[in-house]
Amino acid sequence: MTAKLAVNECTKTFGPTVALASTTLAIEPGEFVSLVGPSGCGKSTLFNVVSGLLRPDNGRVEIDGVDVTGHSGHVGYMLQKDLLIPWRSVVDNITLGAALTRGVTKADQTQAVDFARRYGLGDFLDHYPHALSGGMRQRVALMRTLATNHDLLLLDEPFGALDSQTRLEMQQWLLEVWSETQRTVLFVTHDVDESIFLSDRILVMSPRPGRIVSELVVNLPRPRTLQQMTEPDFIAVKRQILDLLHGTVTV
Ligand SMILES: Nc1ncnc2c1ncn2[C@@H]1O[C@H](COP(=O)(O)OP(=O)(O)OP(=O)(O)O)[C@@H](O)[C@H]1O
Ligand SMILES: [Mg+2]
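This is a predicted model, so every value here is computed, not measured. (Residues numbered from 1 in each chain as written. Chains lettered and ligands numbered in written order. Predicted model: local features only at pLDDT ≥ 70, side-chain atom pairs only at ≥ 80, totals over all residues.)

### Here's the deal with the overall build of the chain
Right, on to step 1. Along the chain, the regular secondary structure elements total eight helices and 10 strands.
Right, on to step 2. Computed over C-alpha atoms, the radius of gyration of the chain comes to 18 Å, within 12% of the 18 Å expected from 2.2 N^0.38 for 251 residues, which places it in the range of a compact globule.
Right, on to step 3. Counting only C-alpha atoms and orienting by the principal axes, one finds that the chain spans roughly 50 × 45 × 35 Å.
Right, on to step 4. Looking at the 251 residues of the chain, the share that counts as buried comes to 39%.
Right, on to step 5. A separation threshold of at least 6 residues defines the contact pool for the chain, and within that pool the share at least 24 residues apart is 68%. (Helix = DSSP H or I, 4+ residues; strand = E, 2+ residues; numbered from the N terminus. Rg over C-alpha atoms; globule rule 2.2 N^0.38 Å. Buried ≥ 20, exposed ≤ 12 C-beta atoms within 10 Å, placed from the backbone. Contact = placed C-beta atoms within 7 Å.)

Structural data, given as structure tokens:
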């Protein structure tokens, strides 16, 4: 099977700073893969390279077997600070991608309304971001990413700013969206529990200059439940990741 995403020996340097050391990874269609690693290790840089916003110094990015190195427009990308536009309503924020590229069609509008209704924002279609809770805003930002209709989604710490209870709700919601819409997800988080709860596989990165130092397969059954988070299998994976992170983090 052709990988949905293949990154081959990509590197990226900013002046004297090696932001990303040689990185190779492959993600299968429909997989949910998380990247964890210390702050500044190059996670967002890797996402910028995969999305084509940055051209790597070396290496190659392939989506569905096609070389897209340095070319944007092939992934749905939710940036680490993905802000909603304050003067656009929920629906108009969801259709922002189309508005910026080719113009919003009736079909885009209908899809945005469908997403908002299906994912709990049906009563807020015409609301502006200031009238939404933090969790709702993150959901709109995620729907905006879904609405680009790309199979591959890059989500860079989408729940980083949320309180732990809202975060758990959003994680369950994301798994529901992922299984319903059958997308492939590459997800960045600092939260080890979150990475285990969501993922099929976890890639652990070293401190800067970052590279992938380890890979763990999460064999917990799906659909995942909150109860699993306190069970021995979950804790065993958590211990492995914490060991890897503490073995590599310089304090
Ligand atoms: N546009 C840029 N110009 C110069 N340096 C950059 C640029 N983007 C990133 N860097 C540097 O590259 C390194 C990796 O940054 P990056 O944002 O990829 O880290 P990260 O793993 O996403 O960190 P965090 O977890 O804090 O979001 C850092 O040292 C950062 O200062
Ligand atoms: Mg980052």
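There's more to say after this.
### Some thoughts on the sheet that holds strand 8 (residues 184-188)
Right, on to step 1. If you trace the six strands from one edge of the open sheet to the other, you get 6-7-8-3-9-10, paired in mixed fashion. Each edge of the open sheet carries a strand with a single partner, namely strand 6 (76-78) and strand 10 (212-217). For this sheet, the mean inter-axis angle between neighbouring strands, taken without regard to orientation, is 15°.
Right, on to step 2. As judged from the four bridges shared by strand 3 (residues 32-36) and strand 9 (residues 201-205), these two strands associate in the parallel manner. Bridging across to strand 9, serine 34 finds its partner in isoleucine 202.
Right, on to step 3. Docked against the sheet, helix 1 (residues 43-51) engages strand 3, strand 6, strand 7 (152-156), strand 8 and strand 9, running at close to 155° with respect to strand 7. (Pairing = 2+ DSSP bridges. Axes fitted to C-alpha atoms, helices over the stretch in contact; angles between N-to-C directions.)

### Some details on helix 5 (residues 134-146)
Right, on to step 1. Along its 13 residues, helix 5 runs 18 Å from first to last C-alpha, staying within 8% of the 18 Å computed at 1.5 Å per residue.
Right, on to step 2. For helix 5, the secondary structure elements touched by its buried residues are strand 6, helix 2 (90-94), helix 3 (96-101), helix 4 (106-118), strand 7 and helix 6 (164-181). (Expected span 1.5 Å × (residues − 1).)

### Let's talk about the domain arrangement of the chain
Right, on to step 1. Partitioning the chain into domains gives domain 1 (1-75 + 150-251) and domain 2 (81-149).
Right, on to step 2. With 12 residues of domain 1 in contact, the opposing surface of domain 2 contributes 10 residues.
Right, on to step 3. No other element matches helix 6, which puts six residues into the side of domain 1 that touches domain 2.
Right, on to step 4. Split by residue class, the side of domain 1 that touches domain 2 holds eight nonpolar, three polar and one charged. (Domains from an automatic or database assignment. Nonpolar A, V, L, I, M, F, W, Y, C, P; charged D, E, K, R; others polar.)

### Side note on the site of ligand 1
Right, on to step 1. Neighbouring ligand 1 are the residues Phe14, Thr17, Ala19, Ser39, Gly40, Cys41, Gly42, Lys43, Ser44, Thr45, Gln80 and Arg208.
Right, on to step 2. Among the secondary structure elements, those contributing two or more residues to the shell around ligand 1 are strand 2 (17-27) and helix 1.
Right, on to step 3. With three residues, the single largest contributor to the shell around ligand 1 is helix 1.
Right, on to step 4. Of the residues in the shell around ligand 1, the class split is three nonpolar, seven polar and two charged. (Near = placed C-beta within 6 Å.)

### Observations concerning the pairing of strand 7
Right, on to step 1. Burial within strand 7 is extensive, with five of its five residues counted as buried.
Right, on to step 2. Burial along strand 7 is two-sided: the residues Leu152, Leu154 and Asp156 and Leu153 and Leu155 are all buried.
Right, on to step 3. Both strand 6 and strand 7 contribute to a ladder of three bridges, which runs parallel. Bridge pairing in strand 7 links methionine 78 to leucine 155.
Right, on to step 4. Sheet topology note: the strand 7/strand 8 ladder contains five bridges and is parallel. For leucine 155, the partnering residue across the bridge sits in strand 8 and is phenylalanine 187.
Right, on to step 5. Viewed along the sheet, the connection from strand 7 through helix 6 into strand 8 turns out right-handed. (Right-handed = clockwise from strand over helix to strand, strands pointing away.)

### Let's talk about the nonpolar core
Right, on to step 1. With 60 residues, the main nonpolar core has Val50, Ile94 and Leu154 as its most contacted residues.
Right, on to step 2. Of all the elements, helix 5 adds the most residues to this core, at six residues.
Right, on to step 3. Among residues more than four places away in sequence, those in contact with isoleucine 94 are Ala112, Phe115, Ala116, Val140, Met143, Arg144 and Ala147. (Core = buried A, V, L, I, M, F, W, Y, C linked by C-beta atoms within 7 Å.)

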